[in-house]
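Residue-level listing of the chains:
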Amino acid sequence: MPDIFPIFFLMFFAVILFVIIGATRASKKAEETWRKVSEQLRLDYSKQRAGKLGGDQRELVGTHRGFQVRANTFVESGGNNNQSFTRFKVHYPDLGLGLELKHQHFFANLSRKLAGTSDFDIGDSHFDDAVIIKARSPEAVRAYLTQERRQMIRFAVTSKRR
């Protein structure tokens, strides 16, 4: 009866090697993409190692078309799983409305109810169901959020993030 240990060991080693090569290629491709975007948008790029299993955390920071921009990756851990996300933030000039818009989702609704805060409706059910709106003057915000602006905002906050 042939000894299968050498064959098993060779197969195990080959699988590990393929996983390492695949991870290295993915990391190099991500690095290339972030650097290319950094050059195209003229933003500062940085990368940090996020622990042993956290992967690389990347960040783009700077001004693009007059707006302060920050894009970064971060890792959330839950039990035995780590999941990477990319976050985009753009600081717009103050409109004097005290306007804050967020994606409407289950956890946002739950935290809003627990904190006792509320938002208001614009009168566009598709927009109202997708976006949490907070502002100092609901009337001024209703006037500012034209149908075109509502469509762009709704697309931005509800589009797939991956």
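Above: the structure in question.
Note that this is a predicted model, so its numbers are computed, not measured. (Residues numbered from 1 in each chain as written. Predicted model: local features only at pLDDT ≥ 70, side-chain atom pairs only at ≥ 80, totals over all residues. Heavy atoms only, no water.)

**Digging into the environment of Leu 60**
Turning to its location among the elements, Leu 60 is positioned in strand S2 (residues 56–64). Here Leu 60 falls in the buried class, since its relative accessible area comes to 5%. Leu 60 has contacts with Trp 34, Val 37, Ser 38, Leu 43, Asp 44, Tyr 45, Val 69, Arg 70 and Ala 71, leaving out every residue within four places of it along the chain. (Helix = DSSP H or I, 4+ residues; strand = E, 2+ residues; numbered from the N terminus. Buried < 20%, exposed > 50% of the residue type's maximum accessible area, 1.4 Å probe, protein only. Contact = heavy atoms within 4.5 Å.)

**With respect to helix H5 (residues 147–158)**
End to end, H5 covers 16 Å across 12 residues, agreeing with the expected 16 Å (1.5 Å per residue, within 8%). For H5, the complete set of buried residues consists of Arg 150, Ile 153 and Val 157. Seen end-on, H5 carries its buried residues on one side only, within an arc spanning 70 degrees. The exposed set on the far side of H5, more than 90 degrees from its buried face, consists of Gln 147, Glu 148, Met 152, Phe 155 and Ala 156. (Expected span 1.5 Å × (residues − 1). Arc of directions from axis to C-beta.)

**Things to note about the pattern of salt bridges**
Oppositely charged side chains are able to pair whenever their charged atoms sit close together. Considering all chains together, one arrives at six salt bridges under this definition. Between Glu 59 and Arg 70 there is a salt bridge, and its shortest N-O distance comes to 2.5 Å. Taken together, the positions of Glu 59 in strand S2 and Arg 70 in strand S3 (residues 67–78) put the pair 11 residues apart, joining distant regions of the chain. Classification of Glu 59 as partly exposed rests on a relative accessible area of 23%. (Salt bridge = Lys/Arg side-chain N within 4 Å of Asp/Glu carboxyl O.)

**Some words on the environment of Asn 72**
Looking at the element boundaries, Asn 72 is found in strand S3. Residue classification places Asn 72 among the buried residues on the basis of a relative accessible area of 5%. Beyond its immediate chain neighbours, meaning those up to four positions away, Asn 72 contacts Trp 34, Arg 58, Glu 59, Phe 85, Thr 86 and Arg 87.

**Remarks on a nonpolar patch on the surface**
On the surface, a cluster of nonpolar side chains totalling about 940 Å² of accessible area is made up of Phe 5, Phe 8, Phe 9, Phe 12, Phe 13, Ile 16, Leu 17, Ile 20 and Ile 21. Residue position: Ile 16 is located in helix H1 (residues 5–41). (Patch = residues over 30% accessible without salt bridge, like charges linked within 9 Å, V, L, I, M, F, W, Y side chains within 5 Å. Areas by Shrake-Rupley, 256 points an atom, 1.4 Å probe, with all protein chains shown as cover.)

**Some thoughts on H1**
Along its 37 residues, H1 runs 54 Å from first to last C-alpha, staying within 8% of the 54 Å computed at 1.5 Å per residue. Every buried residue of H1 is listed here: Glu 31, Trp 34 and Ser 38. Looking at the buried positions of H1, the neighbouring elements they touch are strand S1 (44–49), S2, S3 and strand S4 (81–91). Positive backbone phi, at 55 degrees, marks Arg 42, one or two positions downstream of H1.

**Some words on the sheet that holds S1**
Taken together, four strands build an open sheet; the order of strands is S1-S2-S3-S4 and the sheet is antiparallel. The sheet terminates laterally at S1 and S4, the two strands that pair on one side only. Shown here is a sheet whose adjacent strand axes are inclined to one another by a mean of 15 degrees, direction ignored. Along the sheet face, H1 touches S1, S2, S3 and S4 and points at about 10 degrees away from the line of S2. (Pairing = 2+ DSSP bridges. Axes fitted to C-alpha atoms, helices over the stretch in contact; angles between N-to-C directions.)

**Some words on the nonpolar core**
Membership of the largest hydrophobic core is limited to 11 residues, which are Leu 97, Phe 120, Ile 122, Phe 127, Ala 130, Val 131, Ile 133, Val 141, Leu 145, Ile 153 and Val 157. Only helix H3 (125–130), strand S6 (131–134) and H5 provide two or more residues apiece to this core. Discounting residues that sit within four places of it in the chain, Val 157 has contacts with His 103, Ala 130 and Val 131. Membership of the second largest hydrophobic core comes to six residues, among which are Leu 43, Leu 60, Val 69 and Ala 71. (Core = buried A, V, L, I, M, F, W, Y, C linked by side-chain atoms within 4.5 Å.)

Geometric descriptors of this kind do not, in isolation, establish any biological role.
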